[in-house]
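# Fold and geometry: a report
Here is what each chain is made of, one letter per residue.
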Amino acid sequence: MANEEFKTLQIVHSDSEAGVFHIYLNRPAQRNSLTLDFFSELPRALDLLDGRRGAAAIVLAGRGPHFCAGIDLSTLAAITGGGGRSDPGRERERLRRQILSLQAAISAVERCRRPVIAAVHGACIGGGVDLATACDLRYCSEDAFFSVKEVDLALAADLGTLQRLPAIVGHGNAAEMALTARKVPAAEARAMGLVSAVFPSRQEMDTAVMAIAKDLAAKSPLAVAGTKAVLLRNRDLTVDQSLDYVATWNSSMLISDDLAEATTAQIQKRKPTFAKL
Ligand SMILES: CC/C=C\C=C\CC(=O)SCCNC(=O)CCNC(=O)[C@H](O)C(C)(C)COP(=O)(O)OP(=O)(O)OC[C@H]1O[C@@H](n2cnc3c(N)ncnc32)[C@H](O)[C@@H]1OP(=O)(O)O
């Protein structure tokens, strides 16, 4: 894996047989706070794995004591500090494009065909919550906490949390988290559905998440990609529109070897094997 090209990330091929990859946020001394390098590297890393035949599941985790401390504060100052344009109209247009580009980097997690699992330990703050909520599945260790911190920095969160969090935890919980910026501990995050499980230690989380990733990776890659795509599209559609969408999706994807293999394996009481995607 060409890790030399990344300053803020590390990609690890954690199980070559199963096709599980980890993407680690890799600025532990700065608590994995997010710089402009991160925002250009994340979409590249995801594109790399999306296009890699046999990559079947991705775990997003953090090196060091925390998952992510949110945006790097000097990056935030640079972004908002003015781009040297004297015309306020041009300056605001620059800032708008910059915010859209940061949003696109986080949304790359959703655009990736492969399922992306967030494994959160320690702090998950601000931009870290943007990132975790864009993932398909979220797990954490007992030491984790989540804070939608932006309001305390005089910002409305603008990289996806306010759009995605309500669908995950409900409007009331999302509003409470975003307006108070309080630290939500792991057990409470589990109770509101922000994470699917809490593990006693980081090591136990890593082991369990790896098992979940391998399990996903053993399923039909077409079915997994289809389920991810339909769930995401569904968020913005009515029930009727989404049923129409999944009918169209399946009318093209059902004509696959995977369906025959899955049903035959079921009948023969054996594990199915699917061609890589
Ligand atoms: C256009 C806008 C787009 C996006 C906007 C996003 C908004 C946000 O993300 S809001 C959230 C911003 N983040 C924060 O407010 C978190 C600040 N950090 C902390 O609260 C703590 O550092 C911690 C994450 C809880 C970790 O605590 P601890 O383990 O005790 O480490 P520290 O000693 O505090 O920090 C070590 C080292 O890391 C530096 N650092 C930590 N967070 C950031 C950060 N967000 N940006 C830049 N640097 C950070 C900290 O300064 C220390 O550096 P030293 O050089 O070692 O002193």
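Residues numbered from 1 in each chain as written. Predicted model: local features only at pLDDT ≥ 70, side-chain atom pairs only at ≥ 80, totals over all residues. Heavy atoms only, no water.

Our working rule: UniProt positions are given in the numbering used here, feature names are shortened, and annotations may be inferred rather than shown by experiment.
Under the heading Subcellular location (unreviewed entry), UniProt records this for the chain: "Peroxisome". Reading the Sequence similarities (unreviewed entry) entry of the UniProt record for the chain gives the comment "Belongs to the enoyl-CoA hydratase/isomerase family."

### A look at the environment of Lys149
The condition that has to hold: By definition, any uninterrupted DSSP run of H or I lasting at least four residues is a helix, any uninterrupted run of E lasting at least two residues is a strand, and each is numbered from the N terminus. Buried residues are those whose accessible area, probed at 1.4 Å on protein chains only, stays under 20% of the maximum for their type, while exposed residues exceed 50% and partly exposed ones sit between those limits. Every residue pair with non-hydrogen atoms within 4.5 Å of one another is taken to be in contact.
As for its placement among the helices and strands, Lys149 is situated in the loop between strand S7 (145–147) and helix H5 (161–169). Assessed through its relative accessible area of 33%, Lys149 is described here as partly exposed. Residues Lys149 and Ile106, spaced 43 residues apart in sequence, show a C-alpha to C-alpha distance of 17 Å. With near-sequence residues (within four places) excluded, Lys149 lies in contact with Ile125, Gly126 and Ala181.

### Overview of the site of the ligand
Quick note on the threshold: Residues are counted as near a molecule or strand when any one of their heavy atoms sits within 4 Å of it. Under the rule applied, a polar contact is a pair of N or O atoms within 3.5 Å (in protein, one hydrogen donor and one hydrogen acceptor; residues adjacent in sequence only if both atoms are side-chain atoms). Note on areas: Shrake-Rupley, 1.4 Å probe, and residue coverage restricted to the protein chains presented here. Here the term charged refers only to Asp, Glu, Lys and Arg, the term nonpolar to Ala, Val, Leu, Ile, Met, Phe, Trp, Tyr, Cys and Pro, and the term polar to all other amino acids, Gly among them.
Around the ligand, the structure places 20 residues, and the nearest of them are His66, Ala69, Ile71, Leu73 and Gly127. Within the contact set of the ligand, an oxygen atom lies 3.3 Å away from a backbone nitrogen or oxygen of Ala29. Between Ile71 and the ligand, the recorded distance is 2.8 Å, taken from a backbone N or O atom to an oxygen atom. Isolated, the ligand exposes 1100 Å² of accessible area, and the fraction of that covered by the protein chains is 64%. Looking at the shell around the ligand residue by residue, the class counts come to 9 nonpolar, 6 polar and 5 charged.

### With respect to helix H1 (residues 36–50)
Put simply, the test is: To estimate the expected span of a helix, subtract one from its residue number and multiply by 1.5 Å.
When the terminal C-alpha atoms of H1 are compared, their 22 Å separation across 15 residues agrees well with the 21 Å that a helix rising 1.5 Å per residue should span. When H1 is considered as a whole, its buried residues turn out to be Phe38, Phe39, Glu41, Leu42, Pro43, Ala45, Leu46, Leu49 and Asp50. Among the structural elements, strand S1 (9–15), strand S2 (20–25), strand S3 (57–62), helix H3 (88–111), strand S4 (116–120) and helix H4 (127–134) are those in contact with the buried residues of H1.

### Some points on the side chain of Asp258
Structurally, Asp258 is set in helix H11 (residues 257–267). The contacts of Asp258, once residues within four sequence positions are left out, are Ser220, Pro221, Leu222 and Phe274.

### Digging into the environment of Arg85
Within the element layout of this structure, Arg85 appears in the loop between helix H2 (73–80) and H3. Judged by relative accessible area, which is 39%, Arg85 ranks as partly exposed. Residues Arg85 and Tyr245, spaced 160 residues apart in sequence, show a C-alpha to C-alpha distance of 45 Å. In contact with Arg85, not counting residues within four places along its chain, are Arg90, Glu91 and Arg94.

### Topic: the packing of H4 against H5
Think of two packed helices as two axes; the pair is described by the angle between the axes and how far apart they sit. The condition is simple: Axis lines are fitted to C-alpha atoms, over the contacting stretch for helices. Their N-to-C directions set the angle, which ranges from 0 to 180 degrees. Note on angle classes: values under 35 degrees are labelled roughly parallel, values over 145 roughly antiparallel, values of 65 to 115 roughly perpendicular, and the remainder oblique. Here a crossing is called left-handed whenever its near helix is offset anticlockwise from the far helix by less than a right angle, and right-handed whenever the offset is clockwise.
Running from amino to carboxyl end, H4 crosses H5 at an angle of 50°, the nearest separation of the two axes being 9 Å. The pairing of H4 with H5 is recorded here as oblique in orientation. Here H4 runs over H5; the crossing is left-handed. Each of Val129, Asp130, Thr133 and Ala134 in H4 lies in contact with H5, whose residues at this interface are Thr161, Arg164, Leu165 and Ile168. Its residues assigned to classes, the contact of H4 with H5 shows 4 nonpolar, 2 polar and 2 charged.

### Here's the deal with the pairing of S4
To keep things clear, this is the line we draw: By definition, two strands form a pair when at least two bridges between them are found by DSSP.
Counting buried positions along S4 gives 5 out of 5 residues, so the element sits mostly inside the fold. Bridge analysis of S3 against S4 gives 3 bridges, and the strand direction is parallel. In the strand pairing of S4, Val59 is matched with Ile117. Relative to strand S6 (residues 137–141), S4 runs parallel, the two being bridged by 4 bridges.

### Here we look at the side chain of Thr161
Mapped onto the elements of the fold, Thr161 is located in helix H5. Exposure remark for Thr161: the relative accessible area of 1% places this residue in the buried category. Within the local environment of Thr161, its side chain forms a polar contact with the side chain of Asp130, the two groups lying 2.6 Å apart. Residues contacting Thr161, with those up to four places away along its chain left out, are Gly126, Val129, Asp130, Thr133, Val148 and Pro166.

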